[in-house]
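# Survey of secondary and tertiary structure
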Amino acid sequence: FFFCVTGCSRAGLVSMAPQSRSRSTYVPPAWKQQRQKKKQVERWKTVGKYKQLLRKEGSAPGGAAPNVHAGGGGGGGGSNASIGKRRKPAGSAQALARKSWEEQQREVEAAREEERRAHEERSQAVAAAQRRRAETSAKLKKRTRRGQPVLSNQVDVILQKLGAGSS
């Protein structure tokens, strides 16, 4: 409770209450400012990519040099046509950026497909080698009734080694 020594009236106390903040002094929180800054940077990047693609192609779609900020000026007296022209490059920049991204994704997908094909070929070669080794070891493990190795299988394996080594 506030007590006024000078004999203030109740109305005087109400006038001394802090007034509400005006909208001009509003400062958004840091996370909101960062989000707005990121959006703005993304827009700048998109426009920059668009301009870069136009420079690579050599000419703008209308035959003139690309000028995103053309028309209208700061006076606000520009016509609707100039506003429409000003906004077109940003939209086409997004379209061009999307095209380049899709092309990049196709390249990445082709590389993945090639890698998958190479992996499949390697796995098939490994499986064939394992089958061959299994057959060879099965032949070499065969024994006669008396426990001696089957000589014809031993000779076949040696001949296969000589044939593989000479060719």
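## Side note on the pattern of salt bridges
Here the idea is simple: oppositely charged side chains can pair when their charged atoms come close. Following the criterion strictly, the structure yields 6 salt bridges and no others. Salt-bridge contacts for Arg117 lead to Glu113; the nearest nitrogen and oxygen are separated by 4.0 Å. Of this pair, Arg117 and Glu113 both sit in helix α3 (residues 80-141), separated by 4 residues, roughly a single helical turn. Linking Arg117 and Glu114 is a salt bridge whose minimum nitrogen-to-oxygen distance equals 2.8 Å. Of this pair, Arg117 and Glu114 both sit in helix α3, separated by 3 residues, roughly a single helical turn. What makes Glu114 partly exposed here is its relative accessible area of 46%.

## Some details on the side chain of Asn153
As for its placement among the helices and strands, Asn153 is situated in helix α4 (residues 151-166). Residue Asn153 is classed as buried on the basis of its relative accessible area of 12%.

## Here we look at the side chain of Thr46
Structurally, Thr46 can be placed in helix α2 (residues 30-57). Judged by relative accessible area, Thr46 falls into the buried class, the value being 17%.

## Comments concerning α2
Between the first and last C-alpha of α2 there are 41 Å, a value that for 28 residues agrees with the 40 Å anticipated at 1.5 Å per step. Burial in α2 covers these residues: Thr46, Val47, Tyr50 and Leu54. Where α2 terminates, the next one or two residues include Gly58, which has phi positive at roughly 105°.

The rules behind the values
- Residues numbered from 1 in each chain as written.
- Predicted model: local features only at pLDDT ≥ 70, side-chain atom pairs only at ≥ 80, totals over all residues.
- Heavy atoms only, no water.
- Salt bridge = Lys/Arg side-chain N within 4 Å of Asp/Glu carboxyl O.
- Helix = DSSP H or I, 4+ residues; strand = E, 2+ residues; numbered from the N terminus.
- Buried < 20%, exposed > 50% of the residue type's maximum accessible area, 1.4 Å probe, protein only.
- Expected span 1.5 Å × (residues − 1).

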